[in-house]
Amino acid sequence: MSDAEPTTHFGYETVPEAEKAGRVHGVFTSVASRYDLMNDAMSLGVHRLWKDAMLDWLAPWPGMRLLDVAGGTGDIAFRFLRRMKGRGHATVLDLTEDMLAAGRRRAEATEFAGSIDWVVGDAMALPFAERSFDAYTISFGIRNVTRIEDALAEAYRVLVPGGRLLVLEFSQVPEPSLRWLYDRYSFNVIPPLGQALAGDRASYQYLVESIRRFPDQERLAGMIAGAGFGQVTYRNLSMGIAALHSGWKL
């Protein structure tokens, strides 16, 4: 690795920027078939409440065009369409085809199959025109992006004026004793659970390490404002284990 080559983090490991997307793709290809099961097991089902909170704050309206980035198996898209009662459209973009394939299979068993587009793509270079969407959501995905600032700039570009950005992500627990307990759980339970349920300890070791390297609530809010969004605010969920950030393209 030359001194001039830009680097980033992959968990606690420093890697060339050019390698991170491929490594993330490998992680999610590995866990795609067990992704939803692992989410339930790791969070004891609480991730469902967090995602519902995202949709509550979004308050979708009839005709809304939603882009869900790093949308994987479609959790946010399905929640959105259930609330819309068929009066909206969702586009799910993900870097990993295997995740999208799992989502398509889920959609085929519902009435929403014709209301969701599934697109393979990169959050840092969205394959959509300017002002294409009314809302942009990203749920537990921005942490895996190589350059978060580029992803936020792309979010701003594809939103209409007055469009809404919502970012749901694991965050930093501010209370020291709770943070100590959360760290013990994360490092001692989640990787073995990944091995037991998905046959993949390494991917879930990456998960818990990547959370610790992710910007805290205030820093992420500053990055969102820096991308041009206004009225930026956030809400802690489950005492800061996750946080939900909001911004508007004014």
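For the structure given in this document, a descriptive report is provided here. (Residues numbered from 1 in each chain as written. Predicted model: local features only at pLDDT ≥ 70, side-chain atom pairs only at ≥ 80, totals over all residues. Heavy atoms only, no water.)

Moving on to the environment of Val-208. In this fold, Val-208 is placed in helix 8 (residues 201-213). Under the relative-accessibility criterion, Val-208 is labelled buried at 0%. When the C-alpha positions of Val-208 and Ile-190 are compared, they lie 7.7 Å apart, and in sequence the two are 18 residues distant. For Val-208, the contacting residues outside a window of four places in its chain are Ser-186, Phe-187, Ile-190 and Pro-191. (Helix = DSSP H or I, 4+ residues; strand = E, 2+ residues; numbered from the N terminus. Buried < 20%, exposed > 50% of the residue type's maximum accessible area, 1.4 Å probe, protein only. Contact = heavy atoms within 4.5 Å.)

Taken in spatial order, the seven strands of this open sheet run 5-4-3-6-7-9-8, and their pairing is mixed. Single-partner strands in this sheet number two, and they are strand 5 (116-120) and strand 8 (230-237). Averaged over all neighbouring strand pairs, the angle between strand axes comes to 15 degrees, with direction disregarded. Bridging between strand 6 (residues 133-139) and strand 7 (residues 159-170) involves six bridges; their strand directions are parallel. Bridge pairing links Thr-137 to Leu-166 in strand 7. Set on the sheet, helix 3 (residues 46-58) makes contact with strand 3 (65-69), strand 6, strand 7, strand 8 and strand 9 (242-248); between it and strand 7 the angle comes to about 160 degrees. (Pairing = 2+ DSSP bridges. Axes fitted to C-alpha atoms, helices over the stretch in contact; angles between N-to-C directions.)

With that settled, the discussion passes to the nonpolar core. Grouped burial of nonpolar side chains is what soluble globular proteins tend to show. If you look at the biggest cluster of nonpolar residues, it comprises 38 residues, and the most contacted ones within it are Trp-50, Leu-58, Phe-80, Ile-116, Leu-168 and Phe-170. For this core, the element with the most residues is helix 4 (residues 75-84), which contributes six residues. Leave out the neighbours within four places in its chain, and Phe-80 touches Leu-55, Leu-58, Pro-60, Met-64, Leu-66, Gly-88, His-89 and Ala-90. Val-145, Ile-148, Val-167 and Ile-224 belong to the second-largest nonpolar core, a separate cluster that totals 26 residues. (Core = buried A, V, L, I, M, F, W, Y, C linked by side-chain atoms within 4.5 Å.)

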